[in-house]
Amino acid sequence: MATERGNLFDPVLVKDLISKVKGKSSLAKLSGQTPIPFNGLKEFIFSMDNEIDIVAENGKKTEGGLSIEPVKIVPIKFEYGARVSDEFLFATEEEQLQVLTAFNDGFAAKVAKGFDLAAFHGINPRTGGASIVVGTNHFDSKVTQTVTYTKGTPDANLDGIIAAVQGADGDVTGMALSNTFGADMATVKENGVRQYPEFRFGASPTSLGGMAVDVNKTVYNATVKDHAIVGDFQNAFKWGFSKNIPLEIIKYGDPDNSGKDLKGYNQVYVRAEVYLGWGILVPEYFGRVVEE
């Protein structure tokens, strides 16, 4: 059992962690995961400037043109720690595993929420403010195509922003919706009949109009006020974990800078770190429905 500094999460816990993150993060649900090396990776975006050419036999061929633009995806550190009684050190391996499993469950939820807040809005989840580490690598900064949210006609708002994305040659494979937007979808009626009853009672359907959809409170930000982010999540957005997820059981000192020495309070500190990287490969293939 891992009870020393610098060990890694058990592979079973790592698999469980990733599974739970996918279940709670809109971005993880709507897009595919790519393994990210610790030092990052480059995704090359190929843009073919012209259409394919039909050439007669013995006919002249002309250049189509090709542009290549690299997008660097660098993993950044997300950390969470908590104090527990030092009885943890003397517990059986089975009891230690129960503690670590419970910690893993909570950590997965925090990572999922943190991933969305950082990649959607550039927010440091702990402080609620802009993250210098994330910088401009988030949807609110890079995605400039928007339509104004109009309460009562959310489906028309979706039609408008999807048309804008398709007008930029993008495909829409998924939609992330705010809770407010989802509730509004449930109220849309035609001839007195609810058009989207699957959104009633706060529900989050998995698909809408043949596209993946997720309703999540992480979509809305009080500053930018997104209510929907739509686009090609399958091909124009990449994310992933770096391979190893460090786990520390710290026995000494004041690792959370609380002013309370661990030994003085008969405690140990459980800390986990995960390295997540993402990249918005083609920002124009996305659009946002924003409240004015």
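Cut-offs applied
- Residues numbered from 1 in each chain as written.
- Predicted model: local features only at pLDDT ≥ 70, side-chain atom pairs only at ≥ 80, totals over all residues.
- Heavy atoms only, no water.
- Pairing = 2+ DSSP bridges.
- Helix = DSSP H or I, 4+ residues; strand = E, 2+ residues; numbered from the N terminus.
- Contact = heavy atoms within 4.5 Å.
- Axes fitted to C-alpha atoms, helices over the stretch in contact; angles between N-to-C directions.
- Polar contact = N/O pair within 3.5 Å; in protein donor to acceptor, adjacent residues only side chain to side chain.
- Nonpolar A, V, L, I, M, F, W, Y, C, P; charged D, E, K, R; others polar.
- Phe/Tyr/Trp six-rings, centres within 6.5 Å; stacked < 30°, edge-to-face > 60°.
- Buried < 20%, exposed > 50% of the residue type's maximum accessible area, 1.4 Å probe, protein only.
- Left-handed = near helix turned anticlockwise from the far one by under 90°.

Enquirer: When you look at the sheet that holds strand S9 (residues 207–208) in this model, what are you seeing that I'm missing?
Expert: What links the strands of a sheet is backbone hydrogen bonding, and the strands pair in either a parallel or an antiparallel sense. Spatial strand order, S5-S15-S11-S6-S10-S9: six strands in an open sheet with mixed pairing. With one partner strand each, in any of the chains shown, strand S5 (146–148) and S9 form the two edges of the open sheet. Packing against the sheet, helix H5 (residues 154–167) makes contact with S5, strand S6 (174–177), S9, strand S10 (211–215), strand S11 (226–231) and strand S15 (286–290), and its axis sits at approximately 150 degrees to S15.

Enquirer: Would you take a moment to explain the side chain of Asp-184 for this structure?
Expert: Examined against the element boundaries, Asp-184 turns out to sit in helix H6 (residues 179–187). Within polar-contact distance, the side chain of Asp-184 engages the side chain of Tyr-149 at 2.8 Å. Each residue touching Asp-184, except ones within four places of it in the same chain, is listed here: Tyr-149, Thr-150, Lys-151, Gly-152, Thr-153 and Pro-154.

Enquirer: Looking at this structure, how should I read the packing of H5 against H6?
Expert: The axes of two packed helices give the description: the angle between them and the distance between them. Packing of H5 against H6 brings their axes to within 8 Å, and their N-to-C directions diverge by 115 degrees. On the side of H5, the interface is formed by Pro-154, Asp-155, Asn-157 and Leu-158, while H6 contributes Phe-181, Asp-184 and Met-185. Here the contact of H5 with H6 is built from residues that sort into four nonpolar, one polar and two charged.

Enquirer: Can you help me understand the packing of aromatic side chains in this one?
Expert: Applying the stated criterion across every chain, the model contains twelve aromatic pairs. Centroid distance Phe-78 to Trp-278: 6.4 Å. Interplanar angle 50 degrees. Geometry classified as tilted. Pair noted here: Phe-78 is in strand S4 (residues 76–85) and Trp-278 is in strand S14 (residues 267–280), with a separation of 200 residues, a long-range link. Its relative accessible area of 2% is what places Trp-278 among the buried residues. Among the aromatic residues, ring-to-ring pairing joins Phe-78, Phe-115, Trp-239, Phe-241 and Trp-278 into one connected group.

Enquirer: Before we go on, may I ask you to explain the pairing of S11 in this structure?
Expert: Moving residue by residue along a regular strand, the side chains alternate between the two faces of the sheet. Within S11, six of the six residues are buried, which leaves the element mostly enclosed by the surrounding structure. For S11 and S15, the ladder comprises five bridges, and the chain directions are antiparallel. Counted as the bridge partner of Val-230 is Gly-287 from S15.

Enquirer: When you look at the side chain of Asp-214 in this model, what are you seeing that I'm missing?
Expert: Within the secondary structure, Asp-214 is located in strand S10. A polar atom in the side chain of Asp-214 sits 2.5 Å from the side chain of Ser-26. Of note is the side chain of Asp-214, whose polar atom sits 3.4 Å from the side chain of Ser-204. In contact with Asp-214, other than residues within four places in its own chain, are Ser-26, Lys-29, Leu-30, Met-175, Ala-176, Leu-177, Ser-204 and Pro-205.

Enquirer: Explain the packing of helix H1 (residues 11–24) against helix H3 (residues 93–121) to me, please; I cannot follow it from the model alone.
Expert: Interaxial distance between H1 and H3 falls to 8 Å at its minimum, and their mutual angle equals 35 degrees. Of the two elements, H1 crosses H3, and the hand of that crossing is right-handed. On H3, the residues touching Leu-13, Asp-16, Leu-17, Lys-20, Val-21 and Lys-24 of H1 are Leu-97, Leu-100, Thr-101, Asn-104, Asp-105, Phe-107, Ala-108, Ala-109, Val-111 and Ala-112. For the contact of H1 with H3, the residue count by class is ten nonpolar, two polar and four charged.

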